[in-house]
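Remarks on the overall topology
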Amino acid sequence: MVTSVTNLGRSGLSDWLIQRVTAVIVAAFSFVMLGFFISHPDLQYADWYNFMSCTSMRIFTLISLLAISGHAWVGLWTIATDYLKPTGIRFLFQAACALALFVYFAWAVQILWGL
Amino acid sequence: MRKRIETPCFRAINHGNSVNSKRPVNLDLTTIKLPLPGVISILHRISGFSLFLVIPILLWMFQQSMISLETFNELKDLLDNLFVKWVIWVILAGVIYHLIAGIKHLFMDAGIGETLESARNGSLIVLFVSGILVFFAGVWLW
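Parameters at a glance
Numbers given for residues are sequential positions, taken from 1 along each chain in its written order. As they are written, the chains are lettered A onward and the ligands numbered 1 onward, keeping that order. Under the rules for a predicted model, residues below a pLDDT of 70 receive no local features and side-chain atom pairs below 80 are neither given nor counted, while totals for whole chains, interfaces and linings still include all residues. With hydrogens and water set aside, each side-chain value is computed from the structure's full complement of heavy atoms. Under the scheme used here, helices are H or I runs from DSSP no shorter than 4 residues and strands are E runs no shorter than 2 residues, and both carry numbers assigned from the N terminus. Each residue's exposure class comes from its accessible area (1.4 Å probe, protein chains only) as a fraction of the maximum for that residue type: buried when under 20%, exposed when over 50%, partly exposed otherwise. By definition in these notes, contact holds between two residues if any of their heavy atoms fall within 4.5 Å. Every accessible area reported is derived by Shrake-Rupley at a probe size of 1.4 Å, with residue values counting cover from the shown protein chains alone. Each radius of gyration reported is based on C-alpha atoms, and the globular scaling rule is 2.2 Å times the count of residues to the power 0.38. Note that His is not counted, nor are the chain ends; the positive residues are Lys and Arg, and the negative ones are Asp and Glu. Where a charge lies is defined by one atom per residue type, namely NZ (Lys), CZ (Arg), CG (Asp) and CD (Glu). To obtain an axis, a line is fitted to C-alpha atoms, over the contacting stretch when the element is a helix, and the angle between two such axes runs from 0 to 180 degrees between their N-to-C directions. Orientation is classified from the angle alone, with under 35 degrees giving roughly parallel, over 145 giving roughly antiparallel, 65 to 115 giving roughly perpendicular, and any other angle giving oblique. By the definition used in this description, the sense in which the near helix is turned from the far one sets the handedness, with an anticlockwise turn below a right angle giving left-handed and a clockwise turn giving right-handed. Each residue is assigned to one class: nonpolar for Ala, Val, Leu, Ile, Met, Phe, Trp, Tyr, Cys and Pro, charged for Asp, Glu, Lys and Arg, and polar for all the others, Gly among them.

Considering the overall build of chain B
For chain B, the helix and strand inventory stands at four helices and two strands. Each helix (α) and strand (β) of chain B, taken in turn from the N terminus, gives the series β-β-α-α-α-α. The buried share among the 142 residues of chain B stands at 31%. Restricting the contact set of chain B to residue pairs at least 6 apart, pairs at least 24 apart contribute 57%. For chain B, the exposed area adds up to about 9,700 Å²; of that, 70% sits on carbon and sulfur atoms.

See the structure below:
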C-alpha cells in the first residue's frame, strides 16, 4: 500500500466514493449540456449567454467544476501511485497536477462570475 | 514451505521501501496478452489523463463564448476550420469513451459484469456504444 497522505479523502474507501459521486455529477452536467446543444442547432450568443449565466446553471457549473477537480485529483493520484515509483518525482507530479487543477478552477470561476 | 510461482518472467524483487517486498513482480510486460477488459481499463486511464490535459482548451472556448458577441462569433468561425473540428471531435471522443467506460465501472461496482464472460461482453458493449456515439458526434460536428 502506498501512503495515504496524498489521498483526497485520506482513505482508499473515501476516494472510491468521491470518485463515483463526482463521476455522476459530471455525467449529469454532460447530459444537460448535450440536451442544450441538441435543442439549439444554430446557437446564438444571447441564448448561450443567458443559459450559462442564470443562477441555477452557474451553481450547477460550479458544482460540476468542483466535481471535475476532485475526480481528476483521485484519478491522477491513482495514476501517479501506479506508475511513478520514486517519491520525489511522484510528489512533483502530484504538486503540478494540484496546481493545474487549482488554476483551472480559479479560471472557470472568473469566467462564470467575472465576465 | 510456501509454494512460489516459478516461471521465467516472475521473480521476487526487493523494492526496499515497499510494504511487501516479497511479492513477485512480472518485469516483462510483453509476455502478457492484455485481455479486452484490460484494454478498456487502460484506455479509460489514458482518456481520463488526456481530458485533464485538454481542460484549458475547453475553458478557453468557454471564456471566448461568454465574453461578448464578437468573441462568440469569432469562436463560431474558428469551429468551421477543419483542423479545429478534428481537435474537438477527438476531445468529444475522449469524453464519450471515458463516460461509457465509467458507466461500465459503476455496473461492476454493483456486481454486474464481473465474471470472465460478462466482463468481456461488457467491454464489447463499451466499444460498440462509444463507437456509435463518437460517430454521431462527428455527424453533429460536420
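Topic: the overall build of chain A
Looking only at helices and strands, one finds four helices and zero strands in chain A. Each helix and strand of chain A, placed in order from N terminus to C terminus, yields the pattern α-α-α-α. Taken over C-alpha atoms, the radius of gyration comes to 17 Å for chain A, far larger than the 13 Å a tight globule of 115 residues would show. Its C-alpha atoms put chain A at 50 × 25 × 20 Å along the principal axes. Looking at chain A as a whole, 35% of its 115 residues qualify as buried. Contacts in chain A between residues at least 24 apart in sequence constitute 64% of all its contacts with a sequence separation of at least 6. Here chain A has roughly 6,400 Å² of accessible surface; of this, 76% comes from carbon and sulfur atoms. Placing the 5 positive and 4 negative side-chain charges of chain A at their respective mean positions leaves the two points 18 Å apart.

Here's the deal with the packing of helix α4 (residues 87-114) of chain A against helix α1 (residues 36-67) of chain B
Remark: α4(A) packs on α1(B), axes separated minimally by 10 Å, with the N-to-C direction vectors making an angle of 20°. With respect to each other, α4(A) and α1(B) are oriented roughly parallel. Crossing angle aside, the handedness with which α4(A) passes α1(B) is left-handed. For the pair formed by α4(A) and α1(B), the contact residues are Phe93(A), Cys97(A), Ala100(A), Leu101(A), Tyr104(A), Trp107(A), Ala108(A), Ile111(A) and Leu112(A) on the first element and Phe49(B), Phe52(B), Leu53(B), Ile55(B), Pro56(B), Leu59(B), Trp60(B), Phe62(B), Gln63(B) and Met66(B) on the second. In terms of residue class, the contact of α4(A) with α1(B) is built from 18 nonpolar, one polar and no charged.

None of this, on its own, says anything about what the molecule does.
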